[in-house]
Amino acid sequence: MDTTTTSFPKDKIKILLLENIHIAAIKQFEEQGFQVESISSSLPEDKIIEKIKDVHVLGLRSKTKVTEKILSEAKRLLAIGCFCIGTDQVDLVEAEKRGVPVFNSPFCNSRSVAELIICEIITLSRKLGDRSTEMHNKTWRKESANCHEIRGKTLGIIGYGHIGSQLSVLAEAMGMSVLYYDIARRLPLGNSKMCPDMKTVLENSNFVTLHVPDTKETVGLIGEEEINTMKKGSYLLNASRGKVVQIPHLANALRSGHLAGAAVDVYPEEPSANCKDWECELQKCPNTILTPHIGGSTEEAQEAIGLEVSDLIVQFINSGASAGSVNFPEIALAVSPSTHRILNIHNNKPGVLRDINNILSEFNVSAQVLSTRKQIGYIIADVDSEASKEIKKKISSLPNSIKTRVLY
């Protein structure tokens, strides 16, 4: 089987990329012969609906919201690529229901985020943000009061995944001690120490940094009680998700002096595009670094993300391989020579597999693999090339069939 072509001409496959996806992804798609439209900003729902009707792949980052309404208009959509860590901007349940896999890149920007946190720890400890602002405003104020080295200080990490664990290694290299807490049991790296609960980390750390996913359990994770538990004169850093920290309580702690500083990169509400009228309660708080969700915004990270996500999508289009999808059965099948490949997505209901196998049993099948999730099942079958059209027609006609493709 030649997987470089599909039954649907490659030059008619349309890719829509939003939010300035890295050129590496664009080149990867263009090398496949796909049509690529790249837009530098996100789009509102109505504009996406206008464009999505004949789009086969939608690529985006964190600001674009893919709603049920958008998905209902995306009749030709094969896949969605989130060129970032998170996928909460996409209605994953609805996408699964419609047989649309969502791919992301959960690890490629880990180093960039970890380096930013190290930078911010030093900046906060030396009050560099306030001093720089004063100098730009013509004020020369040289002082050492409440400015410290980070060597010998304790860093507390909430969420010891790929970013948190990598950060712990960098922090120890800077002479810091590391405590961490994670709801899953994680192997400590270096001399870092796992704590039994988050409270222990908050009580014993000079710096607390958050690296948790966006879940129901993490919304409002750090509020008044948690901040009051932290040491007086400590620092809070958040480059995870905007709703993890209760901003009003953080602002109060900074203004009262209970916290000596904070660095925030994510917010409960973020603009969909660059603007000059953004407001936040943390503005004007002392020794507070505010950045516009740039934790993973380095050329290195964006290139790696662009290559990874585009490669996953290309593999899905060309061979049906769904590895790396967050809402879809993850399967792959080695190429069988001189066959055509049937790809079928169906509702996961009793009797569906029996109906599909009844159809396939009438023909020669070289290889077959199936996997299911709560809502859908996904089957790949390599069959004799002369039978593929008939098989596709019969499987497509099944009442619980969602999508069927043939690859040549």
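Data block above holds the structure.
To keep things clear, this report deals only with the structure shown in the data block.

**Observations regarding the overall build of the protein chain**
Stage number 1. Secondary structure summary: the protein chain contains 13 helices and 16 strands in total.
Stage number 2. Dimensions of the protein chain along its principal axes, counting C-alpha atoms only, are 80 × 45 × 30 Å.
Stage number 3. Within the protein chain, the proportion of its 408 residues that are buried is 49%.
Stage number 4. In the protein chain, the share of contacts with a sequence separation of at least 24, taken over all contacts with a separation of at least 6, comes to 65%.
Stage number 5. Of the roughly 19600 Å² that the protein chain leaves accessible, carbon and sulfur atoms contribute 50%.
Stage number 6. Across the protein chain, the mean location of the 47 positive side-chain charges is 1 Å away from that of the 49 negative side-chain charges.

**Focus: helix α10 (residues 247-256)**
Stage number 1. Looking only at α10, the buried set comprises I247, L250, A251, A253 and L254. Along the axis of α10, the buried residues cluster in a sector spanning 165°; they form a single face.
Stage number 2. Two residues or fewer after α10 comes G257, characterised by a positive phi angle close to 90°.

**Re helix α1 (residues 23-31)**
Stage number 1. Every buried residue of α1 is listed here: A24, A25, I26, Q28 and F29.
Stage number 2. Once α1 ends, the next one or two residues include G33, with phi positive near 90°.

**Let's talk about the environment of Q246**
Stage number 1. With respect to the secondary-structure elements, Q246 resides in the loop between β10 (234-238) and α10.
Stage number 2. A relative accessible area of 31% places Q246 in the partly exposed class.
Stage number 3. Taking the C-alpha atoms as reference points, Q246 and M176, separated by 70 residues in sequence, lie 27 Å from one another.
Stage number 4. Contact partners of Q246, with chain neighbours within four places excluded, come to G220, I222, G223 and E224.

**Regarding the packing of α1 against helix α11 (residues 299-319)**
Stage number 1. Orientation of α1 relative to α11, taken along the N-to-C sense of each, is 25°, at an axis distance of 7 Å. Taken together, the axis directions place α1 and α11 in an arrangement best described as roughly parallel. The element α1 and its partner α11 pack so that their crossing is right-handed. Here A24, A25, Q28 and F29 of α1 lie close against α11, whose contacting residues are E303, G306, L307, S310, D311, I313 and V314.
Stage number 2. Of the residues assigned to the contact of α1 with α11, the class counts are 6 nonpolar, 3 polar and 2 charged.

**Digging into the sheet that holds strand β1 (residues 14-17)**
The strands making up a sheet are joined through hydrogen bonds of the backbone, oriented either antiparallel or parallel.
Stage number 1. Reading across from one edge, β2-β1-β3-β4-β5 is the order of the 5 strands in this open sheet, with parallel pairing throughout. A strand with exactly one partner marks an edge of an open sheet, and here the two such strands are β2 (35-38) and β5 (102-103).
Stage number 2. Here strand β3 (residues 57-60) runs beside strand β4 (residues 79-82); their pairing, made up of 4 bridges, is parallel. Bridge pairing in β4 links G59 to G81.

**Some points on the side chain of S388**
Stage number 1. Assignment of secondary structure puts S388 in helix α13 (residues 388-396).
Stage number 2. The class of S388 is buried, set by a relative accessible area of 1%.
Stage number 3. Apart from the residues within four sequence positions on either side, S388 is in contact with H340, I342, V383, V406 and Y408.

What counts, and where the lines are drawn
- Residues numbered from 1 in each chain as written.
- Predicted model: local features only at pLDDT ≥ 70, side-chain atom pairs only at ≥ 80, totals over all residues.
- Heavy atoms only, no water.
- Helix = DSSP H or I, 4+ residues; strand = E, 2+ residues; numbered from the N terminus.
- Buried < 20%, exposed > 50% of the residue type's maximum accessible area, 1.4 Å probe, protein only.
- Contact = heavy atoms within 4.5 Å.
- Areas by Shrake-Rupley, 256 points an atom, 1.4 Å probe, with all protein chains shown as cover.
- Lys, Arg positive; Asp, Glu negative; His and termini not counted.
- Charge placed at Lys NZ, Arg CZ, Asp CG, Glu CD.
- Arc of directions from axis to C-beta.
- Axes fitted to C-alpha atoms, helices over the stretch in contact; angles between N-to-C directions.
- Parallel < 35°, antiparallel > 145°, perpendicular 65-115°, else oblique.
- Left-handed = near helix turned anticlockwise from the far one by under 90°.
- Nonpolar A, V, L, I, M, F, W, Y, C, P; charged D, E, K, R; others polar.
- Pairing = 2+ DSSP bridges.

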